[in-house]
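Each chain, letter by letter, is given below.
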Amino acid sequence: MVLSDSLSRSIVCRTSADARTRRRHSLAAERFTRLSYSAGGAPIHLTVNGVDANQARIIENYVNGTWLLWLQQEATRQGTHLAMPVVADARVWFNPALRSRDYLIPGLIAIIMTLIGALLTALVIAREWERGTMEGIMVTPVATTEILLGKLIPYFVMGMVGMMMSTAMAVFLFDVPLRGSLLVLFGTAALFLLTALGMGLVISVLARSQFVAAMIAIITTFLPAFILSGFLFDIRSMPQIIQILTHIVAARYFVTMLQSSFLAGDIWPVILPNAFGMAILCAVFLGIALLRFHKRLD
């Protein structure tokens, strides 16, 4: 009896909800009909997810084709000429001008920062081993942390100067809009640069040859930043296993934050999770570099 009462109540609630939904649809249809005969016309809003450009284009063409087919059928049924009462006004979010440079240049900044941070830093300690000057560094009373800081600080300053120059060129030379704040932009850039320096330092500690260190840096930092960061190919259109692999690519987080800062503004639900993921990678790489670098020759 309790079960039947509960079932009856659920059926009544569902029926009431369906009735309310039908009533809302009916009111919306009436309002749309009224606006259709007014001077301004009735707006129709269609939002298409453009992550997969081909699929978005197929959906857009399908909607336009369906609407044109319906107009042709109505014109044939009424015996009148085909009229176009609806004019499509397509608008693209965040890049209404459809300029490719507005999308590509923020990603290029991440590639440049990767080169400065990871590739150059990968050579600093390997260079000391090749030149035979590491023995002189080992006998100095300088702590391990001080040696690493001495290797990182010049490249950090160089990277931030490069970030300022790249941002100025993007805004003033290529006319890319910067809708976010400079404080957030350079704060995330500093975090990414520390992560890239940590990656380069780990490579430099493990490899004692500049050539080997450069090859490892290109394979493990530059190529993933170019291919798996979302700079050229959107991550959500990649296979699932590749999407999981991109979480260990620091440039993935930085490219997303750069595109948000330049094209959309300070969108905190986008910036904060990506900054958190990048901070974890930064702590991991700098921690590994600190643990693996010892003041001994073996």
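Residues numbered from 1 in each chain as written. Predicted model: local features only at pLDDT ≥ 70, side-chain atom pairs only at ≥ 80, totals over all residues. Heavy atoms only, no water.

> For this particular structure, what's the right way to read the overall build of the chain?
Assigned secondary structure in the chain consists of 11 helices and zero strands. Counted from the first residue to the last, the chain has its helices and strands arranged as α-α-α-α-α-α-α-α-α-α-α. The buried share of the chain, taken over its 298 residues, is 34%. In the chain, of all internal contacts separated by at least 6 residues, the share reaching a separation of at least 24 is 73%. Accessible area of the chain: about 18400 Å², with a carbon and sulfur share of 68%. (Helix = DSSP H or I, 4+ residues; strand = E, 2+ residues; numbered from the N terminus. Buried < 20%, exposed > 50% of the residue type's maximum accessible area, 1.4 Å probe, protein only. Contact = heavy atoms within 4.5 Å. Areas by Shrake-Rupley, 256 points an atom, 1.4 Å probe, with all protein chains shown as cover.)

> Whenever I open this one, the environment of Ser204 confuses me. Can you help?
Note that Ser204 resides in helix 7 (residues 182–206). In contact with Ser204, not counting residues within four places along its chain, are Thr121, Ala122, Leu123, Val124, Ile125 and Ala126. At 3.3 Å, the side chain of Ser204 forms a polar contact with the backbone oxygen of Ala122. (Polar contact = N/O pair within 3.5 Å; in protein donor to acceptor, adjacent residues only side chain to side chain.)

> Which parts of the structure should I look at to understand a nonpolar patch on the surface?
A surface patch of nonpolar side chains, amounting to about 520 Å² of accessible area, comprises Leu104, Ile219, Leu223, Ile227, Leu232 and Phe233. When residues in the nonpolar patch are grouped by element, the largest group, three residues, is from helix 8 (residues 210–227). Of note, Leu104 is situated in helix 3 (residues 100–119). (Patch = residues over 30% accessible without salt bridge, like charges linked within 9 Å, V, L, I, M, F, W, Y side chains within 5 Å. Salt bridge = Lys/Arg side-chain N within 4 Å of Asp/Glu carboxyl O.)

> Can you walk me through the packing of aromatic side chains in this structure?
By convention here, two paired aromatic rings are described through the distance between centres and the angle between planes. Counted under the stated rule, the structure contains three aromatic pairs. Ring geometry for Phe192 and Phe254: centres 4.5 Å apart, planes at 10 degrees, overall stacked. Here the residue Phe192 occupies a position in helix 7, and Phe254 occupies one in helix 10 (residues 250–264), the gap between them amounting to 62 residues. The class of Phe192 is buried, set by a relative accessible area of 1%. Seen from their ring centres, Phe222 and Phe226 are 5.9 Å apart, and the 35 degrees between their planes marks the pair as tilted. A residue pair is termed a helical-turn pair when its members lie 3 or 4 positions apart in one helix, as Phe222 and Phe226 do in helix 8 at four residues. Feature note: the residues Phe222, Phe226 and Phe231 constitute an aromatic cluster, connected by ring pairs. (Phe/Tyr/Trp six-rings, centres within 6.5 Å; stacked < 30°, edge-to-face > 60°.)

> Where do I start with the nonpolar core in this structure?
One finds Met113, Ile125, Met163, Phe254, Leu258 and Phe262 to be the most contacted residues of the largest nonpolar core, which totals 54 residues. Counting residues per element, this core draws most heavily on helix 7, at 12 residues. Other than its neighbours up to four places away in sequence, Phe254 contacts Ala110, Met113, Met163, Thr188, Ala189, Phe192 and Met278. (Core = buried A, V, L, I, M, F, W, Y, C linked by side-chain atoms within 4.5 Å.)

> I would appreciate a short explanation of the pattern of salt bridges in the present structure.
Where side chains of opposite charge bring their charged atoms close, a pairing between them can arise. Scanning the entire structure with this criterion turns up two salt bridges. Between Lys151 and Glu128 there is a salt bridge, and its shortest N-O distance comes to 2.6 Å. Within this pair, whereas Lys151 is found in helix 6 (residues 144–173), its partner Glu128 is found in helix 4 (residues 124–131), the two being separated by 23 residues in sequence. Among the residues examined, Lys151 registers a relative accessible area of 18% and is labelled buried. A residue is classified by how much of its surface remains accessible, and Glu128, at 15% relative accessible area, is buried.

> Honestly, the environment of Leu185 in this entry has me stumped. Any pointers?
Among the secondary structure elements, Leu185 is positioned in helix 7. With relative accessibility at 0%, the residue Leu185 sits in the buried group. For the pair formed by Leu185 and Met257, sequence separation is 72 residues and the distance between their alpha carbons is 8.0 Å. Leave out the neighbours within four places in its chain, and Leu185 touches Met163, Thr167, Leu178, Leu258, Ser261 and Phe262.

> Hey, could you run me through the packing of helix 4 against helix 8 in this one?
For any two helices packed against each other, the geometry comes down to the angle between their axes and how far apart the axes lie. Where helix 4 contacts helix 8, the two axes come as close as 8 Å, and the packing angle between them is 160 degrees. Overall, the two elements helix 4 and helix 8 adopt an arrangement that is roughly antiparallel. Taken as a pair, helix 4 and helix 8 cross one another with a handedness that is right-handed. Facing Ala126, Arg127 and Glu130 of helix 4, the residues of helix 8 in contact are Gln210, Phe211 and Ala213. Residues belonging to the contact of helix 4 with helix 8 are distributed by class as follows: three nonpolar, one polar and two charged. (Axes fitted to C-alpha atoms, helices over the stretch in contact; angles between N-to-C directions. Parallel < 35°, antiparallel > 145°, perpendicular 65-115°, else oblique. Left-handed = near helix turned anticlockwise from the far one by under 90°. Nonpolar A, V, L, I, M, F, W, Y, C, P; charged D, E, K, R; others polar.)

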